[in-house]
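Here's the letter readout for the chains.
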Amino acid sequence: MTRTEAARVQLQEFELRVLHIPLVAPFTTSFGTETVREVIIVRALTDAGDGWGEIVTQAAPLYSSEYTQSAWDVASRYLAPALLGRESVAPHEVAGILEPFVGHRMAKAGLELAVLDASLRATGTSLAAHLGAVKDMIPSGVSVGIQRDPSALVDVVGGYLDEGYVRIKIKIKPGRDIDDTAAVRNAYGDIPLQVDANSAYTLADVDLLSQLDAFDLLLVEQPLQEDDLVDHATLAARLKTPVCLDESITSLKATRDAHALRSAAVINIKAGRVGGYLAARDIHDFCLDRDIPVWCGGMLETGIGRAANAALAALPGFTLPGDVSASDRFYTRDIVTEPIVLEDGHVRVPTGPGLGVEIDRDALENFTVVRETVRR
Ligand code: OSB
Ligand code: MG
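Owing to the predicted nature of the structure, the values given are computational and were not obtained by experimental measurement. (Residues numbered from 1 in each chain as written. Chains lettered and ligands numbered in written order. Predicted model: local features only at pLDDT ≥ 70, side-chain atom pairs only at ≥ 80, totals over all residues. Heavy atoms only, no water.)

**Quick look at the nonpolar core**
- Judged by nonpolar contacts, the single largest core of 58 residues is most densely connected at Leu127, Ile304, Leu312 and Ile335.
- The residue makeup of this core includes at least three contributed by each of domain 1 (11–123 + 361–375) and domain 2 (129–348).
- With sequence-adjacent residues up to four places away left out, isoleucine 304 is seen in contact with Ile41, Trp52, Gly53, Glu54, Leu113, Ile335, Val336, Leu355 and Ile359.
- Counting residues in hydrophobic clusters, the runner-up holds 30 residues, among them Ala44, Val56, Ala80 and Val89. (Core = buried A, V, L, I, M, F, W, Y, C linked by side-chain atoms within 4.5 Å. Buried < 20%, exposed > 50% of the residue type's maximum accessible area, 1.4 Å probe, protein only. Domains from an automatic or database assignment. Contact = heavy atoms within 4.5 Å.)

**Some remarks on the sheet that holds strand β13 (residues 368–375)**
- Read from one edge of the open sheet, 4 strands run β3-β2-β1-β13, paired in antiparallel fashion. Edge positions in the sheet fall to β3 (49–55) and β13, since each of these pairs with one other strand and no more. Ignoring which end each strand starts from, the neighbouring axes of this sheet average 20° apart.
- In terms of strand pairing, strand β2 (residues 32–46) meets β3 through 7 bridges, oriented antiparallel. Considered in β3, the bridge of leucine 45 is made with aspartate 50.
- Contacts from helix α1 (residues 68–84) reach β1 (11–29), β2, β3 and β13 within the one sheet, and its direction differs from that of β1 by about 155°. (Pairing = 2+ DSSP bridges. Helix = DSSP H or I, 4+ residues; strand = E, 2+ residues; numbered from the N terminus. Axes fitted to C-alpha atoms, helices over the stretch in contact; angles between N-to-C directions.)

**Observations concerning the state of the cysteines**
- All told, the structure shown has 0 disulfides when counted by the stated rule.
- Note on cysteine 244: no disulfide assigned, nearest cysteine sulfur contributed by cysteine 287 at a separation of 10 Å. (Disulfide = S-S within 2.5 Å.)

**Examining the layout of surface pockets**
- When its volume is computed, the largest pocket comes out at roughly 480 Å³.
- For the largest pocket, the lining is made up of 23 residues, of which Ala95, Glu99, Val274, Gly275 and Ala279 are closest to its centre.
- Those elements giving two or more residues to the lining of the largest pocket turn out to be α2 (91–98), α3 (105–123) and α11 (277–289).
- Counting residues per element, the lining of the largest pocket draws most heavily on α2, at 6 residues. (1 Å grid on protein atoms, 1.4 Å probe; cavity = no way out; pocket = protein on both sides within 12 Å on 5 of 7 lines; lining within 4 Å. Points joined across faces, edges and corners; volume = space filled by probe spheres on them.)

**Examining the domain arrangement of the chain**
- Once the domains are mapped, the chain shows domain 1 (11–123 + 361–375) and domain 2 (129–348).
- Using only C-alpha atoms to locate each centre, domain 1 and domain 2 end up separated by 23 Å.
- Each partner contributes residues to the interface: domain 1 has 35 residues there, and domain 2 has 39 residues.
- Carbon and sulfur atoms make up 69% of the area that domain 1 and domain 2 hide from each other, which totals about 3,000 Å².
- Where domain 1 touches domain 2, the interface holds 0 salt bridges. (Buried area = accessible area lost by both parts, 1.4 Å probe. Salt bridge = Lys/Arg side-chain N within 4 Å of Asp/Glu carboxyl O.)

Written as structure tokens, this is what we have:
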């Protein structure tokens, strides 16, 4: 694996924005429905040029404890000032500088990405090359929200299969699990299929969850709570379907613990959830060494985070298709000039410097609802 250096940069200011971007269709999970993507976009202004990042928090603390206002507050009050207080910063130092502040990993990840982008643009290196990517195209899966009823779900899934997505993930929750899964399996035969519960069950549901074993799923994602590593291990021992963790994997340490406890056979890696793309790479490396399959999760990223996810998913250990789908799966208008598209079921890994995408300034302005600059 070739991994390249990133330059030190002198940070001058961080510009933070809250964006409201309409979704093409409502997205429903076990924790709620979104119709607009509320997201924080970060611009790092440096002596070497600008860099862009995305804080993937959602409007409310339902998927994780972080949410827009918590991320905004901690980023503007503590994280950005800590970075701006340094004479110069290299991307690999960002996590250490922000380490004293407990938690808030999505906020940290967004700032780190902006620094990485500025630094890599300055040296002419792509994020993919910097992380150690070995592919130029990655297979693309799609995460499908809960629909009105199983037959509506079958229709929506059919649309994505027609577009060429190579793996389908459906969201489930109590009362919308076995029948939904059966409907999709029966309609489309042996397509690569998996389910995501977003923590909607408890160990008391083990008999119900074992009914999923009949559907030959790739995996069941995060059936139990974020801190239920022991219960996930108990459940995993009772299921034939591999258990995959998402919410529980908050760090390399959590990954180690989950592996030691046998809580999961598969790991979903999301850079935001683990505090950044460099921490995500470390988790990838740990899993690759131990033959633990990983895949790249998503948080309805804009073109900024989506480009970075494509780079991450090109690392050699990402052996399962991830949730890195085309931009038009969520958005009619993205905030980059060349949004990710689906090409024969795959998405292209950007090769330009840094993120390898350019910001569509008009779109960015149009979707901005709040803006603040944090100076040295
Ligand atoms: O659990 O993977 C999840 C979206 C928001 C929060 C949590 C999750 C998701 C998705 C969508 O499943 C993934 C994507 O396509 O971005
Ligand atoms: Mg998930």
